Amino acid sequence: MLEYILLLLCLPPVCALLALTGMFSNNILHWLHRLTATAVGVSVGLMASKFNPAEPYMDDYFYVDALSLWVVIIITTLYVAASWTARSYLTREERCGVLKGEQLQTGRYFALMQFFCWTMFIVLLVKNLGLMWVAIEATTLISALLISFKFTRAALEATWKYIMVCTVGICLALLGTLVLYYAQLAALGSENALSWVYLHAHAEALDPALTKLALLFLVIGYGTKAGMAPMHTWLPDAYAEAPSLTSGMLSGALCSCAIYVLLRNLVILLPTAGSEMMSSMLLFFAVLTVAVAVPFVVVQRDVKRILAYSSMENIGIMVAGIGAFSALSIKAVMLHMYSHAMIKFVLFYIAGTIIQEYQTRNMMRIHGMIKDVPHTATFWLTGMLGILGLPPMGLFFSKFYIMSALFNEGHWLAGSLLIVLLAGVLIGILYHGMRMLCDNAKRQPLGDLLGAIDVPVLALLLVFTCIVGAGFENLPWLNNLLNHAVRVIGG
Amino acid sequence: MEYLVVSLMFIVFLQTRFMELRRATLCLAVQSALIAAACLVIGLSHGGGLHGWLPGLLTIAVKVLFIPYAILRTVKGLRDEREIVSDINVNYSTAVAACSLALGYMVIDGLLPQAEGRDILATSMFMIMTGLTLIVMRSRAIMQMIGLITMENGIYLLGLIMTEGLPLIIELGIFLDVLIAVVILVILTSRLRLSFRTTDTNVLDKLKG
C-alpha cells in the first residue's frame, strides 16, 4: 500500500519539475504529462484492487479508507482525462482561442497542473487534520496561478477575488482547526495531535461548547472553498476566466476535495456538537446556494458562467445530502460527487471548444450547432441532459436518492424548496442550451474542432457516470466500497 | 506579557491609520516582530527544544524580513503610492478597529470564560477582525495583503496562547503556505500594475452576473 501512495505523491512533482526546466520540446512534454498521469492512474487502480475497505491503511502520516479512496478515484479519473485531452485543447487554444498569436508556455501549464493534482492527492491521503488544512491552502495557491494563467485583465480580476475570498475563508477554517485542537488538548492531552483516527476514536470526549464553535468556523471556512453561498462570489468568475481544462478540474476535483475535508471534520464534531445544529445549518446553506444560483442561470449569457452557476447548484444538492445525514443520503452524495465531476469536466471542455469554434462566449450569438458542428453538439446535448439529472445519466439517480432521503428524514421544507429551485435550473439551462443547438445559424463556426482523441475520452467519462449511477448495486466491489465510505461517515 | 498586549494593540491601531504604503509595511514588520517575540517567550518558557525556538526564528525570517522586503520591492515600482482614500475612510477603519477590540473582549468572555490570558486572547481576536476590516475597507492591493497578514498573525497568536503552538510539522506547513501566498500576491500585484496601471482593486469590477 505504502509504495502506491509514495508513487502517487512522487510522480506528479517530478514531472512538474522536469516540465519547469524547459529542456524539453512541446512534443516530449505532452507525452511526459500523459505518461505521468497514466502511471498515477495505474497505481491508483492497483491500490484499489489490493485495498480491502474493511481494513483501512494507516501509518504515521498517511491514512486511506474507503472514503479517501473513492475521492482519489474521482480525481485520478479527471487527471488522466485532462492529461490526454490537453494536447488537442492547447493546440486549438493557440490556433484560434484566447491564446491566439501568443507563444503558449506549455511547460508552465503542465507544471502547474501536476502540482495542482499533487496537492489534491496530499489532501486526500494525509491523516492529520492540520496537514489537511495546509494542503487545502496549497491547492488554493496553485490553482490561483492556473486561473490567472493568461494574465488577461479579466483573469487577473477573477484571480484576485478568488485568492482574497478563499484565503480569508480558509483562515477561518484554520481558526476552527485551532479550536478543535484546543478541545483535544483539554479532553485528551497533546498525544496524537489532530490525528483524524485518534480523534475519531475519542470523539465523544470533546467539550460540546468547543466543538460547536469549531463546527461553525469549519463549515464556513471549507464551505467558502467549496463555493457555498453567500461566500460563493469568487466561484463564477474563477470558473469562467480559467482555461477550460482548468475549470473542469476546479469544478470537478477541487470541489470534491473541499467537500471531502468538510466530511472528515464533521465526523469528528458530530457526536458532541449534535446533528440538529449541523443539519439545520447545512440545509440552510444548501437551499441558499441553489436559490442564489437559479436567477443567474436563467438570465445568463456567458456559456462558461452558466456552467459555473450550475456547479453551485450541484454543490448545494451535495451539501443538502450531507445535511440530511442518513445512510442513503451520504451514499447518494458519494455518487453525486462522482457523476458531477465527470459530467462537469465534459461540459467545461465542450464549452471551451464551443468558444474556440464560434469565437465568442455569448450564448445569444451561437445557433444551429447541431447542423454545423454535430460532434460538439452531441456532447453538449448529452452533457446538458446529464447535468440536469435526466435518466440514464448518473446524476438522475443521485439527485433522486438525495431528494428521497430529505423527505424520509422529515426535511420536507428544504426538500420542496429544492425541487422548485431545481425546476428553475432545468428551465434555464434547457432554454439556453436548446437555443444554441437549434435555430438558424447567423454566425459560421470555424468547423468541428473536437479532436480524434477527445471523443473517446469524453464519451468514456459520460458512460462511466451511467454505469456507476445506475448499476452500483450490481457491482459488488463498488457497492462494498461505497457502503464502507458511508460507514466511515456514519450516516 | 502586559507590555506585549499594549504594544500590539497600539501597533494594530496604528496599522489602520496609515495611508502611505511604505510606512504601513514597516508597521506590519514591527507587528510581526512583536508576534515573533511572543512566540520566542512562550516557546522558551515551555522548555525550549526545537519546537521552542524554531517557530520564532521562522516568524522573524518569513514575516519580519522576507514579506516586508517583498512588499517594499513592489511598492518601489508604483508611481502613485498613496492610497487614494479620504481621511474619513481611515477614521472609519480606526473606529471599526475600536469596536472590534470591544467585540473581541466580549467574544472571549462569552466563549472561553475560564481561559487564562484573557487580554492576549482578546488582542488576537482584535487582530483577526482588524485584518478583515482592512481587506474589506481598503481598496489598494497592497493594503489588502497587509490586512491578510495581520489576520494570519492574529490567528497564529491565538493558536500560540490557546494551545502553546500546533505540532511542529503543521506550523512549518503554515509558514510555507504564507510564504507562497505572499509570493503569488506580489506577482499578481505587479501584473495588476502592468495591465491596469494601478493597484487599486476598485478597477476590478468588470465581471458581474
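Chemist: Quick question: what am I supposed to make of the overall build of chain B here?
Modeler: Scanning chain B from terminus to terminus reveals seven helices and zero strands. When the helices and strands of chain B are read in sequence order from the N terminus, they spell out α-α-α-α-α-α-α. Taken over the C-alpha trace, chain B has a radius of gyration of 17 Å; the compact-globule value for 209 residues is 17 Å, and the two agree within 12%. With the C-alpha coordinates aligned to their principal axes, the bounding extent of chain B is approximately 50 × 35 × 35 Å. Relative to its 209 residues, chain B shows a buried fraction of 44%.

Chemist: Even after reading the chapter, I still don't get the confidence of the model for chain B, so can you show me in this structure?
Modeler: Any segment with low pLDDT has predicted coordinates that should not be analysed in fine detail. Considering every residue of chain B, the mean pLDDT works out to 86; 95% of them sit at 70 or more. Mean pLDDT across the elements of chain B bottoms out in helix α4 (residues 87–111) of chain B (85) and peaks in helix α6 (residues 141–163) of chain B (91).

Chemist: What is the right way to read the environment of A:E409 from this model?
Modeler: All names here are of chain A. Relative to the helices and strands, E409 is located in the loop between α16 (394–408) and α17 (412–437). Under the C-beta neighbour-count criterion, E409 is labelled partly exposed, with 18 such atoms within 10 Å. Considered as a pair, E409 and K161 are 248 residues apart in the sequence and their alpha carbons are 38 Å apart. Once residues within four sequence positions are removed from consideration, E409 is found in contact with A324 and S326.

Chemist: Mind showing me how you'd approach helix α5 (residues 129–147) of chain A here?
Modeler: Side chains three or four residues apart in an α-helix point the same way, a direct result of the helix having 3.6 residues per turn. For α5(A), built from 19 residues, the straight-helix expectation of 27 Å at 1.5 Å per residue is met to within 8% by its first-to-last C-alpha distance of 27 Å. For α5(A), the buried fraction is high: 19 of the 19 residues fall into the buried class.

Chemist: Any chance you could explain the interface of chain B and chain A here in plain terms?
Modeler: Reports often express the size of an interface as the amount of accessible area lost when the parts come together. On the chain A side, the residues contacting the 33 residues of chain B number 33 residues. Where the side of chain B that touches chain A is concerned, the elements lending two or more residues are α5 (118–137), α6 and α7 (168–196) of chain B. Within the side of chain B that touches chain A, the residues separate by chemical class into 22 nonpolar, seven polar and four charged.

Calculation rules
- Residues numbered from 1 in each chain as written.
- Chains lettered and ligands numbered in written order.
- Predicted model: local features only at pLDDT ≥ 70, side-chain atom pairs only at ≥ 80, totals over all residues.
- Helix = DSSP H or I, 4+ residues; strand = E, 2+ residues; numbered from the N terminus.
- Rg over C-alpha atoms; globule rule 2.2 N^0.38 Å.
- Buried ≥ 20, exposed ≤ 12 C-beta atoms within 10 Å, placed from the backbone.
- pLDDT = per-residue confidence, 0-100.
- Contact = placed C-beta atoms within 7 Å.
- Expected span 1.5 Å × (residues − 1).
- Nonpolar A, V, L, I, M, F, W, Y, C, P; charged D, E, K, R; others polar.

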